[in-house]
Amino acid sequence: MKSLIAAASLLALPSAALAGPLHVIDTLKIGGTGGWDYVTFDPAHNRVYVAHGPAISAFDLGTRQAAPAFVATQGAHIALPVDGGKTLLVTNGKSNTVTFNDAMTGAQVASVPTDSKPDAAIVEPVSGQAYVMANGGGTVDVVDVASHTLVAKIPVGGDPEAAAIDGQGLVFTHLEDKNALVVIDGKTHAIKATYAMKDCDEPSGVAFVAKGRLILSACKNGIARITEADTGNEVATLPIGQRPDGALYDAKTGLGYVPSGDGKLTVIGFDGKPHVVDTVTTRAGARTAALDPVTGRVFLPFADYAPPAKAGERPGVVPDTFAILVVGQ
């Protein structure tokens with residue numbers, strides 16, 4: 001499969017942490033049908049995974065081979081590489097389960113029941129446990145990755161959406177229906193704090209910013225909110241695109257990223273007061289993203305849209321147009 005390089009670079013002012021401007025440098029064609037949700041990157045095997053329609057799609061960056069239906073799912077939201085990339089933890093929102101699948105074959109290894117509508121998931125490295133956001137059940141379910149068992153259910157008082165970690169035992173999630181940030185102690189499975197998020201409507205994507213211990217939140221009303229992780233105090237609000245559903249932080253460059261469904265990737269600098277460094281034009285629907293921490297490249301799923309069947313309905317996804325944009329230098 002030949003690499004598709006973007007026809008034109010986008011004019012951008014580079015951050016001091018970058019050697020040059022960011023722009024779309026590649027398109028990874030996958031195909032298949034249906035919508036999509038979270039995308040993840042596996043550094044151990046140089047692969048990108050996307051929860052895509054009725055399956056997990058995979059793209060091998062080394063061989064440039066795509067597997068549109070690598071793992072069959074039931075309303076998947078994320079495929080999270082665990083166990084050094086040997087296994088995929090998949091959340092199935094329609095069956096209320098987490099499955100563990102062999103990352104080489106896609107075969108299911110185990111299934112764990114969860115609360116309603118498991119969505120995002122993240123591994124907390126101190127405990128080694130996976131935290132699953134049960135968006136329809138009002139809980140964060142804790143799954144032991146080694147034994148494939150449910151070890152705790154943490155009521156959070158709302159609908160948890162997306163997750164981040166500080167690498168020192170804390171887990172952060174948004175309550176999208178309460179406009180709040182929840183801090184969970186990964187050692188005790190207890191809620192440490194819940195912070196109201198003024199001006200941030202239906203928060204979705206969340207990232208932990210190591211520099212200054214900040215939280216980057218993507219808000220439906222077209223702003224990114226920067227919050228002190230340890231106090232809940234607002235540091236700044238910045239303009240982003242519409243319909244965001246992801247947030248990333250690159251510790252190597254010190255840059256944050258917020259993708260949005262209107263085809264914008266907002267780049268945020270954290271040197272001094274948080275500020276918008278650049279806005280990269282992507283594609284309509286490219287609202288979620290994953291980061292390669294070594295190269296700094298950002299992966300954003302998208303597809304072409306067909307006109308809605310009826311006025312007021314969502315536009316449909318054109319079959320076999322699903323692909324992943326790669327943004328880099």
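Quick caveat: nothing in here was measured; it's all calculated off a predicted structure. (Residues numbered from 1 in each chain as written. Predicted model: local features only at pLDDT ≥ 70, side-chain atom pairs only at ≥ 80, totals over all residues. Heavy atoms only, no water.)

The next point concerns the side chain of Asn101. With respect to the secondary-structure elements, Asn101 resides in strand E8 (residues 97-102). Taking relative accessible area as the criterion, Asn101 reaches 3% and is therefore assigned buried. Look past the residues within four positions of Asn101 in its chain and what remains in contact with it is Val71, Lys86, Thr87, Leu88, Val90, Gly106, Ala107, Gln108 and Val109. (Helix = DSSP H or I, 4+ residues; strand = E, 2+ residues; numbered from the N terminus. Buried < 20%, exposed > 50% of the residue type's maximum accessible area, 1.4 Å probe, protein only. Contact = heavy atoms within 4.5 Å.)

With respect to topology, four strands assemble into an open sheet ordered E10-E11-E12-E13, the strand pairing being antiparallel. Since the sheet does not close on itself, it has two edges, and those belong to strand E10 (118-124) and strand E13 (149-155), each with one partner. Each neighbouring strand pair of the sheet contributes to a mean axis angle of 25 degrees, computed without reference to strand direction. Sheet topology note: the strand E12 (residues 139-144)/E13 ladder contains six bridges and is antiparallel. Its bridge partner lying in E13, Val140 is registered against Ile154. (Pairing = 2+ DSSP bridges. Axes fitted to C-alpha atoms, helices over the stretch in contact; angles between N-to-C directions.)

It is worth spelling out the pattern of salt bridges at this point. Here the structure, examined in full by the defined rule, presents nine salt bridges. One salt bridge connects Lys220 with Glu202, and the closest N-O pair in it is separated by 3.5 Å. Of the two residues, Lys220 sits in the loop between strand E19 (214-219) and strand E20 (223-228) while Glu202 sits in the loop between strand E17 (190-196) and strand E18 (206-209), which places them 18 residues apart along the sequence. Lys220 gets classed as partly exposed once you look at its relative accessible area, which sits at 46%. By relative accessible area, Glu202 is classed as partly exposed at 39%. A salt bridge links Arg225 to Glu234; the shortest N-O distance between them is 3.2 Å. A cluster of three or more residues bridged by salt bridges with shared partners is formed by Asp166, Arg213 and Asp230. (Salt bridge = Lys/Arg side-chain N within 4 Å of Asp/Glu carboxyl O.)

Counting residues in each nonpolar core, the largest one holds 45 residues, and the members touching the most others are Leu89, Phe100, Tyr131, Phe172 and Ile184. If one sorts the elements of this core by residue count, strand E16 (residues 180-185) sits on top with five residues. Counting 19 residues, the second-largest nonpolar core is a separate cluster that includes Leu248, Leu255, Ala286 and Ala323. (Core = buried A, V, L, I, M, F, W, Y, C linked by side-chain atoms within 4.5 Å.)

On to the environment of Ile191. As for its position among the elements, Ile191 is in strand E17. When the C-alpha atoms of Ile191 and Ala311 are compared, they prove to be 44 Å apart, with 120 residues separating the residues in sequence. Aside from chain neighbours lying at most four places away, what touches Ile191 is Ile154, Pro155, Val156, Val182, Val183 and Ile184.

If you walk through the whole model with that rule in mind, you get one disulfide. Each disulfide pairs two cysteine sulfurs, and for Cys200 the partner residue is Cys219, the sulfurs being separated by 2.0 Å. Disulfide Cys200-Cys219: the torsion about the S-S bond is -100 degrees, which places it as left-handed. In this pair, Cys200 sits in the loop between E17 and E18 while Cys219 sits in strand E19, placing the two residues 19 residues apart along the sequence. A single burial state applies to Cys200 and to Cys219, both of which are buried. (Disulfide = S-S within 2.5 Å.)

With that settled, consider the pairing of E10. Counting buried residues along E10, six of its seven residues qualify, which places the element largely inside the surrounding structure. Bridging between E10 and strand E11 (residues 129-134) involves five bridges; their strand directions are antiparallel. Bridged to Val123 within E11 is Ala130. In sequence, E10 turns back onto E11 through a hairpin of four residues, with Gly128 there showing a positive phi of about 75 degrees.

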